[in-house]
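# Working through the structure, step by step
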Amino acid sequence: MIPQIDIGALGPMLPVAVGAILLPLAEVLMARKRTFLSRPFTQERRGTFLAVASLLCLVIALIISVNGLLGPSRVFNSGNPMIVMDGVAHFLNIVVLLGASLTVLGSVKYLADIHSNHGEYYALLMSSVLGMMFLTSASNLMMLFLALELMSIPLYVLAGFRRSSLRSNESALKYFLIGSFASGILLYGMAILYGMTGSISLAEIGKRFDPESAPHLLGAALVVVGLGFKISSVPFHQWAPDVYEGAPTSVTGFMATTVKVAAFGALMRVLAVALEPAAELLYGALWVMAVLSMTLGNVMAIIQQNIKRMLAYSSIAHVGYLLVGVIVGTLDGYAAVLFYLLVYTFMTIGAFTVVAILAKGGEDRDRVEDLAGLSQSRPLMAVVMTLCMFALAGIPPTAGFMGKFHLFRAAIERGIEIGDTSLFWLAIIGVLNSAISLAYYLRVPLVMYFRDAPPTSDPDVPGFFERVVLLTCLAAVVLLGIVPDDIFNVLSQTAASAQHLLLLQSP
Amino acid sequence: MSEYAGLGLFIALGTALVLMFVLLTTLLGPRLRFAEKQEPFECGEHQVVSPYQRFNVKFYMVALSFIIFDVEMVFLYPWAVVFRDLGWFGFFAMLIFLFVLTVGLAYEWLKGGLDWN
Amino acid sequence: MLEHVNETIRWIPLLPLMGALVSGLWLIFARQELPRPLVIGLGCGAPMLSFALSVREVFRLATAFPAGERFFIDNLYTWISAGDFHAELSFLLDPLSAVMILVVTGVGSLIHIYSVGYMREDHRDDRGFQRFFCYLNLFTFAMLVLVLGDNLLVLFVGWEGVGLCSYLLIGFWYLDDHNAMCGQKAFIVNRIGDFGFLLGIFLLFWAFFEAGHPTIEFYAMREHVGLVAERTVTLPAWLGFLPGFPTWTLLTLAGLCLFVGACGKSAQLPLYVWLPDAMAGPTPVSALIHAATMVTAGVYMVCRLSFVYSLAPGASATIAWVGGLTAIFAATIAICQKDIKKILAYSTVSQLGYMFLAAGVGSYSAAMFHLMTHAFFKALLFLGAGAVIFGMQHEQNIEKMGGLRRYMPWTHWTFLIGVLAISGAPPLSGFFSKDEILLGVYAAHAMPGHMALWWIGLVTAGLTAFYMFRLYFLTFSGASRAPMQLQTRIREQPVVILMPLFLLAGLAIVGGLVGLPDAYGEALFSLPSSNSLHYFLDESVVSATHVVPPAREFALAGLAVLIAAGGAFFAVFLYYYRTDLVPRVTAALRPLYQLVWRKYYVDELYSLAVVRPLVRISDAFLYRTIDVRMIDRLGVDGTAGFVRGVADRGLKLVQTGLMQSYVFVMLLGSVLLIAYLVGGL
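Residues numbered from 1 in each chain as written. Chains lettered and ligands numbered in written order. Predicted model: local features only at pLDDT ≥ 70, side-chain atom pairs only at ≥ 80, totals over all residues.

Let's shift gears to the overall build of chain A. Broken down by element type, chain A carries 20 helices and two strands. Since a compact globule built from 507 residues should have a radius of gyration of about 23 Å, the 22 Å found for chain A is in line with a globular shape. Taken over the C-alpha atoms alone, chain A extends approximately 65 × 55 × 40 Å along its principal axes. Within chain A, the fraction of its 507 residues that count as buried is 67%. Contacts in chain A between residues at least 24 apart in sequence constitute 80% of all its contacts with a sequence separation of at least 6. (Helix = DSSP H or I, 4+ residues; strand = E, 2+ residues; numbered from the N terminus. Rg over C-alpha atoms; globule rule 2.2 N^0.38 Å. Buried ≥ 20, exposed ≤ 12 C-beta atoms within 10 Å, placed from the backbone. Contact = placed C-beta atoms within 7 Å.)

We now examine the arrangement of the chains. Across the two pairs of chains that are in contact, the largest number of contacts falls between chains A and C. Taking C-alpha atoms only, the smallest gap left between chain B and chain C, which are not in contact, amounts to 12 Å.

For the rest of this paragraph, the subject is the packing of helix α17 (residues 409–423) of chain C against helix α21 (residues 495–510) of chain C. Residue and element names in this part refer to chain C. Relative to each other, α17 and α21 sit at 30°, their axes nearing to 9 Å. It follows that α17 is roughly parallel to α21 by the angle criterion. Seen from above, α17 lies across α21 with left-handed handedness. In this structure, α17 contributes Trp 410, Thr 411, Thr 414, Ile 417, Gly 418 and Ala 421 to the contact, and α21 contributes Leu 498, Leu 501, Phe 502, Ala 505, Ala 508 and Ile 509. (Axes fitted to C-alpha atoms, helices over the stretch in contact; angles between N-to-C directions. Parallel < 35°, antiparallel > 145°, perpendicular 65-115°, else oblique. Left-handed = near helix turned anticlockwise from the far one by under 90°.)

To continue, consider the nonpolar core. Residues Val 16, Val 324, Leu 338, Met 347 and Cys 388 of chain A together with Ala 379 of chain C are the most contacted members of the largest nonpolar core, which totals 453 residues. The greatest single-element share of this core, amounting to 22 residues, is contributed by helix α13 (residues 331–358) of chain A. Aside from chain neighbours lying at most four places away, what touches Ala 379 of chain C is Val 107, Ile 111, Ala 287, Ala 291, Ala 292 and Leu 504 of chain C. (Core = buried A, V, L, I, M, F, W, Y, C linked by C-beta atoms within 7 Å.)

This part takes up the sheet that holds strand β3 (residues 85–93) of chain C. All names here are of chain C. Read across the sheet, three strands follow the order β1-β2-β3 without closing on themselves; strand pairing throughout is mixed. Strands with a single pairing partner mark the edges of an open sheet, and in this sheet they are β1 (4–5) and β3. In the sheet, β1 pairs with strand β2 (residues 72–82) via two bridges, with the strands oriented parallel. Paired with His 4 across the two strands is Phe 72, which belongs to β2. (Pairing = 2+ DSSP bridges.)

The next thing to look at is the interface of chain A and chain B. When the parts of a complex come together, some accessible area is lost, and that lost area is often taken as the interface size. Of the residues lining the interface, six residues belong to chain A; the matching set on chain B comes to eight residues. Across the side of chain A that touches chain B, the residue classes tally to six nonpolar, no polar and no charged. (Nonpolar A, V, L, I, M, F, W, Y, C, P; charged D, E, K, R; others polar.)

Residue and element names in this part refer to chain A. Taking 1.5 Å as the rise per residue, helix α15 (residues 379–393) with 15 residues should run 21 Å; its terminal C-alpha atoms sit 21 Å apart, in good agreement. Of all the 15 residues making up α15, 15 are buried; the element is thus mostly covered by neighbouring parts of the structure. At the exit of α15 stands Gly 394, carrying a positive phi of roughly 80°. (Expected span 1.5 Å × (residues − 1).)

By the secondary structure assignment, Phe 431 of chain C is in helix α18 (residues 429–443). Separated by 415 residues in the primary sequence, Phe 431 of chain C and Pro 16 of chain C have C-alpha atoms spaced 33 Å apart.

An ideal rise of 1.5 Å per residue puts 39 Å on 27 residues; helix α3 (residues 87–113) of chain A measures up with 39 Å between its terminal C-alpha atoms. The element α3 of chain A is largely enclosed, with a buried count of 26 among its 27 residues.

Treat this as a map of the structure, not an account of what it does.
Next comes the structure, spelled out in structure tokens:
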């Protein structure tokens, strides 16, 4: 029996897939001594061409996704669906694609700066994006795992993309080893879930899941661990600082944002659909994880001297904030998570791009002191960095404030609704943590504005592409803070319209 | 009961065949003893060496290509069996799959992954 | 409730924002300064236009509508609407915000003009002049958003915005690392307060949400506050030592949380520590932000939420006591300081304490009145101090000044007016506002210990007169103690600096008349309700009413003047007639002097009790045990050393221990999670 297939549902993935498959071919064809254009491309032009080509694919995918978001939800196949393209999937895909586009734009000059301008970069990036897009829409354990691996394996390579740098190699190896370990745990959990419920469909598992039975819960716990690793929540976070620090900066920005976006999509879907019967128990565990992530992430970030490492800990803290919305578990909570993921992507990529621009002569300049005097030498970069830091710290009227506000507001409203004080405490701890976080975010503008640059420093001029990234992040961080309402309304509707598909509770 | 008879026969014949080979080699084979021959070995490699020994990366390239196309075969066999039932849909699905693999092969080729020297 | 839409209001904050944006964007993209006249025109023009607009709109507000209907709403757009929750980005001009915007734009404009003179020769930074005005305009914008905000969230945006600008401006002269650290200290202390503030917002939101009116708009909240007045919360057991345990009304709790924010912003005990350090910024900044406007935001907020505080007597009593204690505490510190700006800073803390004292006893209009007059005379004093510092070639120690009266006569006269006004000399502005506060405290029979607070207020008045006259005499009278070569170069300041001083001096003299107490109006001019400010404000705030017979009122005022005069005469005696006595007095009171001179060792206490343990925990525990790998890194001479170390040992590092420890932690986490889920741990 052949299932009814709706190829059109995969519309957003197709351009990315085509890009991922054809880009390496284009790269080697261009690298040949005699090309069909009869003269070889220089490495730099090759890089630019590939970047533009991948950007094109991403933008086409973006347009299709936006259309999809506005249109009705679609299911890839009849029967037990493998892929559900609902509003949430479309929105998360949009965020992933935006993050990827900004990363591509920010990579062109950076790759040349660190002498790693290999064409495979873009193909790997696109493969990873493809995996993320499937991850956000997978509604089946098999699909989920495949997508997760499709997302992760290129990232292992990308983390070690600076082949000559030991830090980068170390980063890749660590990421790979611990990542495989986590994948193993996840797979084990999935196997147990399948064994216990007899289905790999998230919806079916949701129907058959027995929260009283120990093996069921064991499976659930292992799946949560596996996804917890991907979002780098405490206590599955320790790899993040090492990996983020060692990986090429553009890749770090990509890993810190899009991977979390996609993994949060999967986490929300798994929790809301498959593990819904065990929600109460799981939310207790996630509560602890959220509090630990926020607190440990922020406290550890205080003492970091390396910006990438600091941002790694900060990203751990942000995972804590995001988990608040997941724990709230209402449409409002999910909408807040979606909004925050969007905001988080912009503010984090903005910060990483500034760090990437500073790299020069094959060396990253990623210590906090390396930013000294930036407000004088590169005012635009300094302003973007400052706003990103303020946004990450959640200072109004930046987008970061709005994101946090929605998360904590959702928690409080839900707390009132069900009379659960633990949600209030979560919000209070979150607010307290964002107060702590200022201590380290503030250090960056402090150094940029209130310290003179060492005479030897001569930060690079941002190139055209990088300027685009900086201005985009700047605009997003400001606009999402002062006129956030339309987009948040779209998200509320998205979450609501996705309800019958995302939550798949009704057959 | 009778359906297991074939299985029993299979096991018995298999065991007998192996025993026969062992017996024949011990009876007929020439016996020359020297040091290297006394060592256990596998695939031409010494067994007691550092585990951090390096292999030429080209071995991996070949091994990976081999596995990929091996998996392709694994997919092709069941597909061929139900090819008629799947119809054009199945045909194009497999075409896409083969295309993706071919692109990979082309990439490896152009990149020089298949050149031994 | 009638709503008067007025779409001009938005331009009051937007004009300074546009000023800031134009100069800021120009700096970023053109990377050079605009021509000076243009910078000045833009920088000063924006707040002045804004002031003109404010005057016009406030005038319309006061005249066009009868009392009780005086408010303009300007709704820009829906900022947040999620579920039942709704917040507009809208501005509200009612009598309370009217007073504030007049102060902010009026005093602000004068300080902008003064800055033209003050910053003109600042060549420490090639684009500093324009940058300074950019920040100053940005500050004005944020402050106006704060006071015009129609709901708690918009107020919070302004609240954070002014903190941010304050931080930028304190660290403005970043050549000195100390300044930057001061800016950071200010921001972080403020942030502790903001934590409370945000919690308070959430609590109020919670209360109104639960009562079926999910709103944070001031007037809507005021309308429905009765519904949540009885809502109580049960405190957790570890708070058992608190009075009223275990149930508090939610409004009390929210009010206290919000007051924590006010303590941070308005430098009250125990969060006042940042304000004296904030004096590291340029003097116009100290005048504008750390005296006249930003630091009063807490007072404004309490008055704005008077409908909450009037239903939360516990919170109000706390405010009154914190205010009173801060007033006297800071006044004693000011007695011994030597830095002219630090003295004024502690005096600001003390005066802010006064305002909170008034707000705490329910005399909100008195608090606002003092806020206004204080803005006049404290801005005057700061700008005068700036002129002195400028004249003395950046010397701030008053022990090295003296005799400046001869060199800078105009500055001297205006400064004297400021000193008289803050000391409460009748009929200057400070006299009336201070008098109204003391009267309110005296008459607040519902407040526990209101007589003690009244005495504290009186003593503080005496102390204030003493330290202000000490400052005055040490600076302006006697013989100059400056080095000879400096003495020859001390000059009176140019007109661009003096003009704001004159105007502020005029305001410090007559500013009190808008709030002339009824008793005086009746007695002097036969005007039965001369306290127009009080009646104007009364529709915005929920004041406690108390009646004191006029005769008693005059007697109390007389007592206050006597005490202030006593303080002043003591200063005249010590620092004018018998300067020789000063060293002997300080020697006699050595331990006490030392204690006060070191500001009661509060900074040291904070360092010992808060900062160092935090660093220790972060460093010793987390750094060394959880993030072990960093040790390796920094142990071998920073990152470069680390890379070399890795290179030496090949990739062994990856294989030895650490990976295992990561995996171990992860496994441990998994085991705990499983134990929790499966075993019901």
